[in-house]
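Fold and geometry: a report
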Amino acid sequence: IDGTSPQSTTITIDMAVDRIGTGRFQHQILFAAGTCFMADSMEIMLLSFLTIVLKAEWDWGDEDENYVDTKLAGLTSLMFAGALVGTSILGPLGDRVGRRPILFCAAFIISFFGLATAFCTKFSSLLFVRFMVGFGIGGLTVPFDILAEFLPTENRGRYLLLIEYFWTLGSMLVPIIAYYSIEIADSWRLFVAICAIPCIGSFIAGMYFVPESPRWLILKGKHQEALEILRHAAITNGKDVLTLFPENCEICCGEVTGQESNVKDLFQPKWRKITLLLFAVWCGFSICYYGAIMATTKVFGEEDGGNGEGPTFDYVAIFIASSAEIVGTAIVIALVDRVGRVPIQAASYCCGGISMFLLCVFLDKWGRAESIGLAFVARVCEMAGSCVTWVSTAEIFSTDIRSTGHAATNAVSRLGGFMIPYVVTGSSFKTIGIVMLIANLVTAFCASLLPETKGKQLDQTTRQESGSSSPVASEGTELI
């Protein structure tokens, strides 16, 4: 196959994506996928406020306080359980029916049930709608994979990390929205309704800006449809489409197409070790990241401010801690293609665990400034580690199994998310600190054993791990 010049009649999908470059087309997909990520962070972050507010506002009768705490922790855990179910169903569907339909499905579910939360009057109905929000969130690995599959190898790592700014923006908006809706307007219903808006925007943006993944289309034998999408992308990026993809151009993949993937494929000898390591890392980072969010909100919040008016929050401290994610994302964007994926994950999780340990175990020894500083460092590190874990996972799995593999690891992460609310809600700060330290260190160790994907085309890592060679070695390894 001669893919060395624009006049080639047959090129690989890797070469085609490299030719369209990075421009307006990818920016549009980034916006649609990014607002999905923003919705995910807001729907999870809002629970840190909602559980405390509902404990004070709703009539719990004569129920024991510890029992109420357990029920409210169950609200958060059930949302993660919904995400576990959702990612187990929607992720594999992304490999079977396509990436684009799953993006719409996930965005619609989150939008609808996020708004429905505002109309709940009973705890049972609240449990149901939050489970469904979690179900939708379970499909959000798919828009991330769409973005990854449209990016050239050269700057894929840095560009994928830009999506994390949307996540961070969502985390920072939640305490601001909480202040004006809960503190000023005294309405938690307004609070949850506003937090549902970003996913509505994602649904609309996806309709206009996000096509089906050409990599997926080629796997299904739809070569002409994939070529038309690539030509559209080239035009959107201001490229000369006839030079890049002339009339006699064909896109090939160099592999067998049309194969269906399922979760069992992840445990074949080729994938087993990587799958188990990724399961451990994702479960660990879920405990570490979401635990840090919940613990820092607990550190700077009180269920009763002492004036009989219900819960109070140090909104400034929570906002500063949330803004740390901007720093964490900026650091990894600068380093991910220089230092590599594996070293950043290992170092970030180690530092995050130490910071949370110091914050929680010695909380009574710190003043407000010191507590904010430790919370800030912890959130920087947890964000940095989790960002790179997302990128590394999308790069490790090959196209035919990417959505299934990414969904499976995301499902395992929800197990960690399911457990951590009970630890944070029902434990002392000392216990929280010890659990966070152990979880971070174990996660860092497992991440250090993952294959490095820096500077490699998608699927190249897999072939090197399995000892196979590329059929177009002279041009670099193709994607599929």
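Up top is the structure.
Here the structure is a predicted model, which is why all the values come from computation and not from measurement.

Looking only at helices and strands, one finds 19 helices and four strands in the chain. Here the chain holds 480 residues, and the buried ones make up 61% of them. In the chain, the proportion of contacts linking residues at least 24 apart, taken out of those at least 6 apart, comes to 82%. Total accessible area computed for the chain in this model is approximately 17,700 Å², and 62% of it derives from carbon and sulfur atoms.

Before going further, it helps to examine the pattern of salt bridges. For the coordinates displayed, the defined rule picks out 11 salt bridges. Notably, a salt bridge pairs Arg-402 with Glu-149, separated by 2.9 Å at the nearest N-O pair. Within this pair, whereas Arg-402 is found in helix α17 (residues 402-426), its partner Glu-149 is found in helix α6 (residues 141-149), the two being separated by 253 residues in sequence. Among the residues examined, Arg-402 registers a relative accessible area of 0% and is labelled buried. Between Glu-325 and Arg-379 there is a salt bridge, and its shortest N-O distance comes to 3.0 Å. Taken as a pair, Glu-325 in helix α14 (residues 315-335) and Arg-379 in helix α16 (residues 368-396) lie far apart in primary sequence, 54 residues in all.

Next up on the list: unusual backbone geometry. One non-glycine residue, Asp-186, lies in positive phi territory at about 55°. Tracing the chain through its elements places Asp-186 in the loop between α7 (156-184) and α8 (188-195).

Here the focus is the packing of helix α2 (residues 24-57) against α7. Any two packed helices are characterised by the angle at which their axes cross and by the distance between the axes. Running from N to C, α2 and α7 point in directions that differ by 40°, and their axes come no closer than 7 Å. Handedness of the α2/α7 crossing: right-handed.

On to the packing of α2 against helix α11 (residues 223-236). Look at α2 against α11: their axes get within 7 Å of each other, and the N-to-C directions meet at 105°. In this view, α2 runs roughly perpendicular relative to α11, as classed from their interaxial angle. The segment α2 lies against α11, with Arg-24, Phe-25 and Gln-28 engaging His-232, Ala-233 and Thr-236. In the contact of α2 with α11, the residues fall into two nonpolar, three polar and one charged.

Secondary-structure assignment places Arg-414 in helix α17. Assessed through its relative accessible area of 3%, Arg-414 is described here as buried. If near-sequence neighbours (up to four positions away) are discounted, Arg-414 is found in contact with Asp-40, Ile-44, Phe-80, Ala-83, Leu-84, Ile-137 and Tyr-290.

With that settled, the discussion passes to the nonpolar core. If you look at the biggest cluster of nonpolar residues, it comprises 148 residues, and the most contacted ones within it are Phe-49, Phe-191, Phe-245, Ile-251 and Tyr-290. Residue contributions to this core peak at 19 residues, all from α2. Not counting the four nearest positions on each side in its chain, Tyr-290 is found in contact with Ile-44, Phe-80, Trp-167, Phe-285, Arg-414 and Ile-420.

Rules of the game
- Residues numbered from 1 in each chain as written.
- Predicted model: local features only at pLDDT ≥ 70, side-chain atom pairs only at ≥ 80, totals over all residues.
- Heavy atoms only, no water.
- Helix = DSSP H or I, 4+ residues; strand = E, 2+ residues; numbered from the N terminus.
- Buried < 20%, exposed > 50% of the residue type's maximum accessible area, 1.4 Å probe, protein only.
- Contact = heavy atoms within 4.5 Å.
- Areas by Shrake-Rupley, 256 points an atom, 1.4 Å probe, with all protein chains shown as cover.
- Salt bridge = Lys/Arg side-chain N within 4 Å of Asp/Glu carboxyl O.
- Axes fitted to C-alpha atoms, helices over the stretch in contact; angles between N-to-C directions.
- Left-handed = near helix turned anticlockwise from the far one by under 90°.
- Parallel < 35°, antiparallel > 145°, perpendicular 65-115°, else oblique.
- Nonpolar A, V, L, I, M, F, W, Y, C, P; charged D, E, K, R; others polar.
- Core = buried A, V, L, I, M, F, W, Y, C linked by side-chain atoms within 4.5 Å.

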